Each structure stands twice: as C-alpha cells, then as structure tokens.
Amino acid sequence: MSNPSAGQSSKSKAGSSQPCETTSFKRKRGVFQKDLQHMMYGFGDDPNPLPETVALVEDIVVEYVSDLAHKAQDLGSKRGKLSVEDFLYLIRKDPPKLNRCTELLSMQEELKQARKAFEVDEEKLASIE
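Treat the numbers as computed from the prediction; the structure is a model and nothing was measured.

Cut-offs applied
Residues numbered from 1 in each chain as written. Predicted model: local features only at pLDDT ≥ 70, side-chain atom pairs only at ≥ 80, totals over all residues. Heavy atoms only, no water. Helix = DSSP H or I, 4+ residues; strand = E, 2+ residues; numbered from the N terminus. Buried < 20%, exposed > 50% of the residue type's maximum accessible area, 1.4 Å probe, protein only. Contact = heavy atoms within 4.5 Å. Areas by Shrake-Rupley, 256 points an atom, 1.4 Å probe, with all protein chains shown as cover. Patch = residues over 30% accessible without salt bridge, like charges linked within 9 Å, V, L, I, M, F, W, Y side chains within 5 Å. Salt bridge = Lys/Arg side-chain N within 4 Å of Asp/Glu carboxyl O. Phe/Tyr/Trp six-rings, centres within 6.5 Å; stacked < 30°, edge-to-face > 60°. Lys NZ or Arg CZ within 6 Å of the ring centre and 35° of its normal. Axes fitted to C-alpha atoms, helices over the stretch in contact; angles between N-to-C directions. Parallel < 35°, antiparallel > 145°, perpendicular 65-115°, else oblique. Nonpolar A, V, L, I, M, F, W, Y, C, P; charged D, E, K, R; others polar. pLDDT = per-residue confidence, 0-100. Lys, Arg positive; Asp, Glu negative; His and termini not counted. Charge placed at Lys NZ, Arg CZ, Asp CG, Glu CD.

(A) Examining the overall build of the protein chain more closely. Per the secondary structure count, the protein chain includes five helices and zero strands. Start at the N end of the protein chain and walk to the C end: the helices and strands fall as α-α-α-α-α. The buried share among the 129 residues of the protein chain stands at 11%. Once local pairs closer than 6 in sequence are excluded, the contacts in the protein chain between residues at least 24 apart make up 27%. Taken as a whole, the protein chain presents about 11000 Å² of accessible surface, with 59% of it coming from carbon and sulfur.

Here's what the structure looks like:
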C-alpha cells in the first residue's frame with residue numbers, strides 16, 4: 001500500500017521540478033554510458049547491455065545524485081556553506097554507503113599526506129643538488 005502513494009508523490013515531485021530543470025540545466029545524455037556499461041557488467045550484467053537499459057540506469061543515477069546534492073545544498077544553506085558532512089548526514093541510514101564514503105574519504109586524506117611528503121622529499125633533493 002505504501003508503494004503506490006510513494007510513487008504518486010515522486011511523480012508529482014518530478015513533474016513539478018521538471019520545468020525548472022529544463023529551463024536552468026540541460027543534461028547531455030550518454031555521458032556516463034561507457035562507465036555504466038562496465039559497472040553493470042561488473043555486477044553481473046551482460047558485457048554489452050541494451051542501450052535502453054544503460055540509458056535508464058543513467059537516468060536513475062543522475063536523478064539520485066542530483067536529488068542528494070540538492071538536499072545537501074539545502075542542509076548546507078542553513079549554515080552558509082556546503083560540506084562533506086552534509087552528504088554523510090544524508091546517507092547515515094544506509095550503512096554500506098556510509099562505510100564506503102568514510103573509507104574513500106580516509107584514503108583521500110592518506111593520498112594527500114603521501115603527496116605532501118613526496119613534495120617535501122623532492123624539495124630536499126633539489127636543495128641538496
């Protein structure tokens with residue numbers, strides 16, 4: 001019973017936001033096609049999925065990411081700026097996504113520190129020569 005009402009509310013949201021999106025932003029279709037084909041194959045789909053399937057998955061992914069970004073922007077506007085914590089707050093109830101995001105953020109920090117250490121080492125070598 002909850003699915004039909006949820007479907008109607010999402011349709012009304014999409015219908016009301018669609019004119020706004022078409023006037024302010026036109027998205028090029030097929031930008032993520034190759035990446036999505038590889039990801040779909042990695043998750044068990046055919047090596048060459050139907051173009052319609054890839055287009056549908058692309059639409060779903062772009063809609064999800066756009067919706068998440070808008071919600072995060074709404075949260076961030078209360079404080080005056082958008083931050084990573086806004087996104088983490090939005091996905092807090094989805095443990096796999098939250099764990100993956102925190103893992104990627106920690107890897108990003110490790111890479112920053114490694115690059116910084118590498119640059120310092122290069123500067124020391126340049127000063128010695």
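(B) Summary view of a nonpolar patch on the surface. Residues Val61, Tyr64 and Val65 make up a contiguous nonpolar surface patch of roughly 250 Å² in combined accessible area. Topologically, valine 61 is positioned in helix 3 (residues 51-79).

(C) The packing of aromatic side chains, seen in detail. For the coordinates displayed, the defined rule picks out zero aromatic pairs. The side chain of arginine 92 reaches across the aromatic face of tyrosine 89, ending 4.0 Å from its centre.

(D) Inspection of the packing of helix 2 (residues 33-42) against helix 3 at higher detail. Axis separation between helix 2 and helix 3 bottoms out at 10 Å; the angle between their running directions is 100°. Overall, the two elements helix 2 and helix 3 adopt an arrangement that is roughly perpendicular. Two secondary-structure elements touch here, helix 2 through Gln33, Leu36, Gln37 and Met40 and helix 3 through Thr53, Val54, Val57, Glu58 and Val61. Its residues assigned to classes, the contact of helix 2 with helix 3 shows five nonpolar, three polar and one charged.

(E) Local environment of the pattern of salt bridges. For the structure shown, the criterion picks out five salt bridges. Across the salt bridge formed by arginine 79 and aspartate 86, the nearest N and O atoms sit 2.9 Å from each other.

(F) Representation of the confidence of the model for the protein chain. Per-chain confidence: the protein chain averages 82 in pLDDT, with 80% of residues scoring 70 or above. The low-confidence segment residues 1-24 (pLDDT under 50) makes one contact with residues lying over four places distant or belonging to another chain.

(G) Highlighting a negative patch on the surface. Residues Glu119, Asp121, Glu122 and Glu123 make up a contiguous surface patch of negative charge. Positionally, glutamate 122 belongs in helix 5 (residues 95-128). Judged by relative accessible area, glutamate 122 falls into the partly exposed class, the value being 43%.

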